[in-house]
Amino acid sequence: MTTDILTVADLKKYFVIGHSGILKREPITVKAVDGISFGVREGETFGLVGESGSGKSTVAYTTIGMYRPTEGSISFRGRSLFDGNKERPLAIKKEIQIVFQDPGSSLNPRRSIKQILELPLQVHRQDENRLEQVVRLLEMVELPPDYMQKYPQMLGGGEKQMVAIARALATDPSFIILDEPTSALDVSIQAKIINLLIRLQNEFHLSYLFITHDLSLMRNVASRVAIMYLGKICEVAEAAEFFRNPYHPYTRMLLSSIPVISEEEEKLKPKKIISTGEIPSPVNVPTGCSFHLRCPAKLNVCSEVDPVMVEIEGQTGLARHTVRCHLYGQAG
Ligand code: SF4
């Protein structure tokens, strides 16, 4: 049985962004992540998909330790990532790496590629044959050794992202968070980066948490897909099941508007669903199901009661398809 390498349990991350009232005593809180649970299995790509403001990047930044959870837990190989106020041990930091969306701003322009790739080796005390290790890292991402003399501004967007991937690999991690790793790149380069990530995953048995707004990208990349909306997960399934049998009205709406390339994909695509209403502000999330203002299938109960996640039977014989909607197995 495949075990989870990362377990997120009832995670909440709230931000106080100001105060209201005459005496400015009432905190104005954004519930960026509001009670989500999922696990990432060893060697898989878990796709976390959502529109801007859904909270998906907050999950990434909390996992790497930039934020502390408001409530809930994240554990890695069964060990909590947040042990009181203690600094995360170096051995765990080394295992979990991140590749950011914009390689232009994540690489220091004053450092050469050699210096950029040497830094994590120094921090994690991998002192032996450092130059050879830098050459090896460049090889892994299909860049020639002489690139180590260059500076980030001398590289194209795809090459910068390859360096960012090499930097993430420098600590020999087992888990990498990919935070929109291709969305700042030209379409022609995106495929190259995706193929590189897939090859590296197979070669080094990496587990990926792949964060994206681009659901169509997940069709050929993810093992499982989760959809986030206003801080909550509304549906999770194996990718094959997910694209064949989407249940949640929001998932169906997203799938109905993504481009498809094959006839089979066209057949599976839900009929075009036009959303009604605007995306609510995360400061003012509606009561009940947070999607009810836009949902074409809403029931009377939806504006009052927030649905809970339930497991339903998938139609492709694949295990575990969970959905958070009153249409399936709960009050309604
Ligand atoms: Fe739509 Fe109601 Fe389901 Fe929310 S709970 S997605 S409003 S049907």
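Look above for the structure.
Notes on the structure in this doc start here. (Residues numbered from 1 in each chain as written. Predicted model: local features only at pLDDT ≥ 70, side-chain atom pairs only at ≥ 80, totals over all residues. Heavy atoms only, no water.)

**Side note on the overall build of the chain**
Then comes step 1: A count of helices and strands for the chain gives 11 helices and 12 strands.
Then comes step 2: Taken over C-alpha atoms, the radius of gyration comes to 21 Å for the chain, in line with the 20 Å a tight globule of 332 residues would show.
Then comes step 3: Expressed as lengths along the three principal axes of its C-alpha atoms, the size of the chain is roughly 65 × 60 × 40 Å.
Then comes step 4: The burial tally for the chain puts 50% of its 332 residues in the buried class.
Then comes step 5: Pairs at least 24 apart in sequence give 62% of the contacts found in the chain among residues at least 6 apart.
Then comes step 6: Element-wise, carbon and sulfur atoms account for 50% of the exposed surface of the chain, whose accessible area totals about 16200 Å². (Helix = DSSP H or I, 4+ residues; strand = E, 2+ residues; numbered from the N terminus. Rg over C-alpha atoms; globule rule 2.2 N^0.38 Å. Buried < 20%, exposed > 50% of the residue type's maximum accessible area, 1.4 Å probe, protein only. Contact = heavy atoms within 4.5 Å. Areas by Shrake-Rupley, 256 points an atom, 1.4 Å probe, with all protein chains shown as cover.)

**Thoughts on helix 1 (residues 56–63)**
Then comes step 1: The buried fraction of helix 1 amounts to 7 of the 8 residues, a majority that puts the element mostly inside the structure.
Then comes step 2: If you check which residues of helix 1 are buried, you get Lys-56, Thr-58, Val-59, Ala-60, Tyr-61, Thr-62 and Thr-63.

**A few points about the site of the ligand**
Then comes step 1: Around the ligand, a shell composed of 13 residues is seen, among which Cys-289, Cys-295, Cys-302, Cys-325 and His-326 lie nearest.
Then comes step 2: Residues that form the shell around the ligand fall into these classes: 9 nonpolar, 3 polar and 1 charged. (Near = heavy atom within 4 Å. Nonpolar A, V, L, I, M, F, W, Y, C, P; charged D, E, K, R; others polar.)

**Thoughts on the sheet that holds strand 1 (residues 4–20)**
Then comes step 1: Sheet architecture is open: 4 strands sit in the order 2-1-4-5, paired in antiparallel fashion. A strand with exactly one partner marks an edge of an open sheet, and here the two such strands are strand 2 (26–41) and strand 5 (79–80).
Then comes step 2: Bridge analysis of strand 1 against strand 4 (residues 71–76) gives 5 bridges, and the strand direction is antiparallel. Within strand 4, the position partnered with Lys-12 by the bridge is Glu-71. (Pairing = 2+ DSSP bridges.)

**Brief notes about the pattern of salt bridges**
Then comes step 1: According to the stated counting rule, one finds 15 salt bridges in the structure shown.
Then comes step 2: Among the salt bridges present, the one from Asp-34 reaches Lys-232, with a minimum N-O distance of 3.8 Å. In this pair, Asp-34 sits in strand 2 while Lys-232 sits in strand 10 (residues 232–238), placing the two residues 198 residues apart along the sequence.
Then comes step 3: With its nearest N and O atoms 2.9 Å apart, the salt bridge here joins Arg-324 to Asp-306. Separated by 18 residues along the polypeptide, Arg-324 in the segment after strand 12 (321–323) and Asp-306 in the loop between helix 11 (263–268) and strand 11 (310–312) bring together distant segments of the chain.
Then comes step 4: The exposure class of Arg-324 is buried, given its relative accessible area of 8%. (Salt bridge = Lys/Arg side-chain N within 4 Å of Asp/Glu carboxyl O.)

**Some points on the environment of Asp-214**
Then comes step 1: Take Asp-214: it is sitting in the loop between strand 8 (207–212) and helix 8 (215–218).
Then comes step 2: Residue Asp-214 is classed as partly exposed on the basis of its relative accessible area, which comes to 24%.
Then comes step 3: For the pair Asp-214 and Leu-48, spaced 166 residues apart in sequence, the C-alpha to C-alpha distance is 9.9 Å.
Then comes step 4: Side-chain polar atoms of Asp-214 contact the side chain of Ser-216, separated by 2.6 Å. (Polar contact = N/O pair within 3.5 Å; in protein donor to acceptor, adjacent residues only side chain to side chain.)

**Considerations on the nonpolar core**
Then comes step 1: Counting residues in each nonpolar core, the largest one holds 57 residues, and the members touching the most others are Ile-165, Leu-169, Leu-215, Met-218, Val-225 and Ile-227.
Then comes step 2: The element that contributes the greatest number of residues to this core is helix 6 (residues 157–169), accounting for 7 residues.
Then comes step 3: Those residues in contact with Ile-227 that sit more than four places away from it in its chain are Val-49, Leu-215, Lys-232, Ile-233, Cys-234, Glu-235, Phe-242, Tyr-250, Thr-251 and Leu-254.
Then comes step 4: If you look at the next biggest cluster of nonpolar residues, it comprises 28 residues, including Leu-48, Val-59, Ala-60 and Ile-74. (Core = buried A, V, L, I, M, F, W, Y, C linked by side-chain atoms within 4.5 Å.)

**A short note on the side chain of Thr-212**
Then comes step 1: As for its position among the elements, Thr-212 is in strand 8.
Then comes step 2: We classify Thr-212 as buried; its relative accessible area is 2%.
Then comes step 3: Among the polar contacts listed, one links the side chain of Thr-212 to the backbone nitrogen of Asp-214, at a separation of 2.8 Å.
Then comes step 4: Ignoring anything within four residues of it in the chain, the contact list for Thr-212 reads Leu-48, Val-49, Gly-50, Lys-56, Glu-180, Leu-217 and Met-218.

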